[in-house]
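Notes for the structure review
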Amino acid sequence: MNTDATLSADAQRDLLQRGYSRRQFGRIGALLGTGLALASLPGRIAQARGVVASAGDNAGKVLIDSNEWWTGPMEEGVRAGVAMVAQGNRYWPNGNRQALIKAVAEIEGVPADHIMPWPGSGDPLCRTIVTFCSPQRGLVTLDPTYEPSWETAEWLKVPLAKVPLRREKHWKTDVRAMLAADPNAGVYYICSPNNPTGTVTPIEDIEWLLAHKPAGSIILVDEAYIHFSGTRSAASLVAAGKDVIVLRTFSKLFGMAGLRLGLSMGRPDLLEKMMRYDGFSQSFMLSTVALATGLASVTRAQEIIQRRNQMIANREMTFAHLRQRGISYIPSMANMFIVDWKRPAKPVREAFAKQGVLIGRNWPIWPNCSRITVGSESDMQSFCKALDVVIA
């Protein structure tokens, strides 16, 4: 197959100038959905993360392994999505794509031309790394953090530096250590709140990194869990014209994981660079049902606060039980947290599964720790009851 044909002449020229080889064009095409679906990439990801516990028939089980919201979308969103099914014969009914952009622009104080919607936030995450990293300019991340950033760098053979989260830093992002890890990186990736720890990177720290990073590099801020924390968003830095790209998803607090809807926010010149590989195809390949559901949900500020408070109550109830049992955990500002079992995490996860409770995976740097999703009050009561059996 002629992989060059999937990329424009401008895209090929850009990639070659930045040190990519023609052999890597197919891998880039696979990442960005241009039709070169290489089976080995999903296989590598599955192997790196282990089997997804909640894949398959899990009727009656407690699913607190994948950071999902425990109910569906907001009621208003469901009604809008159901109504849109009847217009499924049309590509762009009601102009919902542009309406969503306008609504988010008003909420975040970001110009509309700085916002692009996506079928989830995975594509713009990979796309940012393709665009601003290269064999000469690497990626810097935290460890542990959301692994697709690592997997993308490894897939493209981009230099990768991982900065461990440390107890003495209260498990939070050390931006100075990130810069020191690679002073010439193309992308510094910060997930805030971080997955899996739920810890938040203050905007002041991101501003410091912006002031000291190398020219031409980008700070990629993944805010998939920002609505759970209620903290200041890096969208303000986008509005200020900084070298920042912010990612959002509707998969978490909005309960739309299976509907696939996300956003990227950045200066138009940065977004234009990201789109050169396949035009605007992926940003326009959106489900009209997802758009309608997201549009009806994103403006419901009071329901966002209600969901946040409900999650916090369930999380704090669980933390109280962990403290009572003398079990170590990392305080979180999101809908997940890390528990340190002081023993290998894999057998503990299997023991929870036997109790009908599916908990999250561990990361290689912390083999004795598991990520736990905060579910409903009933879910977390079941988790605590199962914990008392598993950790006798």
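Worth saying up front: this structure is predicted, and the values here are computed from it rather than measured.

**Thoughts on helix α14 (residues 288-298)**
The buried count for α14 comes to nine of eleven residues, which makes it a mostly enclosed element. All of the buried residues along α14 are T288, A290, L291, A292, T293, G294, A296, S297 and V298. On its buried face, α14 sits against α4 (75-85), α5 (96-108) and α15 (301-325). Structurally, the start of α14 carries an N-cap: the backbone nitrogen of V289 is 3.2 Å from a side-chain oxygen of S287.

**Points about the nonpolar core**
Within the largest apolar cluster, 78 residues are counted, with the highest numbers of intra-cluster contacts made by L322, W341, F352, I372 and F383. Per-element tally for this core: the top contributor is helix α17 (residues 377-390), with six residues. Three or more residues apiece are contributed to this core by two domains, here domain 1 (53-70 + 302-391) and domain 2 (74-299). When neighbours within four sequence positions are excluded, F383 is seen to be in contact with I64, T318, L322, W341, F352, V357, I359 and I372.

**Looking at the packing of aromatic side chains**
This model, assessed by the stated rule, comprises nine aromatic pairs. On the numbers, 5.4 Å between centres and 80 degrees between planes, the contact of W171 with W366 is edge-to-face. Placement of W171 in the loop between β4 (160-164) and α8 (175-181) and of W366 in the loop between β11 (357-359) and β12 (369-373) is noted, with a sequence separation of 195 residues between them. Among the residues examined, W171 registers a relative accessible area of 17% and is labelled buried. By relative accessible area, which is 13% here, W366 ends up buried. A connected cluster of aromatic rings, assembled from ring pairs, spans W69, W70 and F228. Over the aromatic face of W208 sits the side chain of R176, whose NZ or CZ is 4.3 Å from the ring centroid.

**Details of the pairing of strand β3 (residues 139-143)**
Among the five residues of β3, five are classified as buried, and the element is accordingly described as predominantly covered. Bridging between β3 and β4 involves five bridges; their strand directions are parallel. Opposite L139, over in β4, you have L160 as the bridge partner.

**Points about the packing of helix α16 (residues 345-354) against α17**
Remark: α16 packs on α17, axes separated minimally by 10 Å, with the N-to-C direction vectors making an angle of 120 degrees. Classified by the angle their axes make, α16 and α17 are oblique. As for how α16 packs across α17, the hand of that crossing is right-handed. Packed against α16, whose contacting residues are V348, A351 and F352, the element α17 presents F383, A386, L387 and V390 at the interface. Residues that form the contact of α16 with α17 fall into these classes: seven nonpolar, no polar and no charged.

**Considerations on helix α7 (residues 148-156)**
Residues that lie three or four places apart on an α-helix share one face, since the helix turns once every 3.6 residues. Burial analysis of α7 places eight of its nine residues in the buried class, which makes it a mostly covered element. With its phi angle positive at about 60 degrees, K157 sits one or two positions after the end of α7.

**Considerations on the packing of α15 against α17**
At a closest axis distance of 9 Å, the pairing of α15 and α17 adopts a crossing angle of 15 degrees. Accordingly, the angle class assigned to the pair α15 and α17 is roughly parallel. With respect to the hand of their crossing, α15 and α17 are arranged in right-handed fashion. Every residue of α17 that contacts α15 at N314, M317, T318, H321, L322 and R325 is listed here: E377, M380, Q381, F383, C384, L387 and D388. For the contact of α15 with α17, the per-class residue count stands at six nonpolar, four polar and three charged.

**Comments concerning the sheet that holds strand β10 (residues 336-340)**
As summarised here, the arrangement of the three strands in space is β9-β10-β12, forming an open sheet in which the pairing is antiparallel. Each end of this open sheet is capped by a strand with a single partner; those strands are β9 (328-329) and β12. Bridge count between β9 and β10: two bridges; the pairing is antiparallel. The partner of S328 across the bridge, within β10, is D340. Along the sheet, α15 makes contact with β9 and β10, crossing β10 at roughly 5 degrees.

**Digging into the pattern of salt bridges**
A full pass over the atoms with the stated rule returns 18 salt bridges. Among the ionic pairs, R18 bridges to D14, the shortest N-O distance being 3.0 Å.

**With respect to the domain arrangement of the chain**
According to the domain assignment, the chain contains domain 1 (53-70 + 302-391) and domain 2 (74-299). Computed over C-alpha atoms only, the centres of domain 1 and domain 2 are separated by 25 Å. Each side of the interface is counted separately: domain 1 has 22 residues, and domain 2 has 28 residues. Summed over both sides, the interface of domain 1 with domain 2 buries roughly 2300 Å², with 65% coming from carbon and sulfur. Summed over the shared surface of domain 1 and domain 2, the number is one salt bridge. Across the salt bridge formed by E147 and R361, the nearest N and O atoms sit 2.7 Å from each other. For the interface between domain 1 and domain 2, the tally reads eight residue pairs in polar contact (both at pLDDT 80 or more). Of all elements in the fold, only α15 and β10 reach the threshold of two or more residues within the side of domain 1 that touches domain 2. No other element matches α15, which puts five residues into the side of domain 1 that touches domain 2.

Parameters at a glance
- Residue positions are given per chain, counted from 1 along the sequence in the order it is written.
- Where local features are concerned, this predicted model is filtered to residues with pLDDT of at least 70; where side-chain atom pairs are given and counted, the filter is 80 or more; whole-chain, interface and lining totals use all residues.
- The side-chain values count all of the structure's non-hydrogen atoms but skip hydrogen atoms and water molecules.
- For every residue, the accessible area obtained with a 1.4 Å probe (protein chains only) is divided by the maximum for its type, and the residue is called buried under 20%, exposed over 50%, and partly exposed between those limits.
- Runs of E in the DSSP output that reach at least two residues are strands. Runs of H or I that reach at least four are helices, and both are numbered from the N terminus.
- In what follows, a contact means two residues having at least one pair of non-hydrogen atoms within 4.5 Å.
- Nitrogen and oxygen atoms within 3.5 Å of one another constitute a polar contact, given that in protein one can donate a hydrogen and the other can accept it, and given that sequence-neighbouring residues count only through two side-chain atoms.
- Residues belong to one nonpolar core when they are buried, are Ala, Val, Leu, Ile, Met, Phe, Trp, Tyr or Cys, and are joined through side-chain atoms within 4.5 Å.
- Throughout the structure description, domain borders are defined by an automatic or database domain assignment.
- Only rings of Phe, Tyr and Trp enter the pairing, Trp through its six-membered ring, and a pair is recorded when the two centres are within 6.5 Å. The plane angle decides the type: under 30 degrees is stacked, over 60 is edge-to-face, the rest tilted.
- Here, a charge over a ring means that NZ of Lys or CZ of Arg falls within 6 Å of the ring centre while also lying within 35 degrees of the ring normal.
- When DSSP finds at least two bridges between two strands, those strands are taken to pair.
- Throughout, an axis means a line fitted to C-alpha atoms (over the contacting stretch in the case of helices), and angles, computed between N-to-C directions, take values from 0 to 180 degrees.
- When describing relative orientation, an angle under 35 degrees is termed roughly parallel and one over 145 degrees roughly antiparallel, while 65 to 115 degrees is termed roughly perpendicular and anything else oblique.
- In this scheme the handedness of a crossing depends on how the near helix is turned from the far one: anticlockwise by less than a right angle means left-handed, clockwise means right-handed.
- For this classification, Asp, Glu, Lys and Arg are treated as charged, while Ala, Val, Leu, Ile, Met, Phe, Trp, Tyr, Cys and Pro are nonpolar and the rest, including Gly, are polar.
- For this document, the term salt bridge refers to a Lys or Arg side-chain nitrogen within 4 Å of an Asp or Glu carboxyl oxygen.
- A simple way to read buried area is as the amount of 1.4 Å-probe accessible surface that goes missing from two parts once joined, with both sides added.

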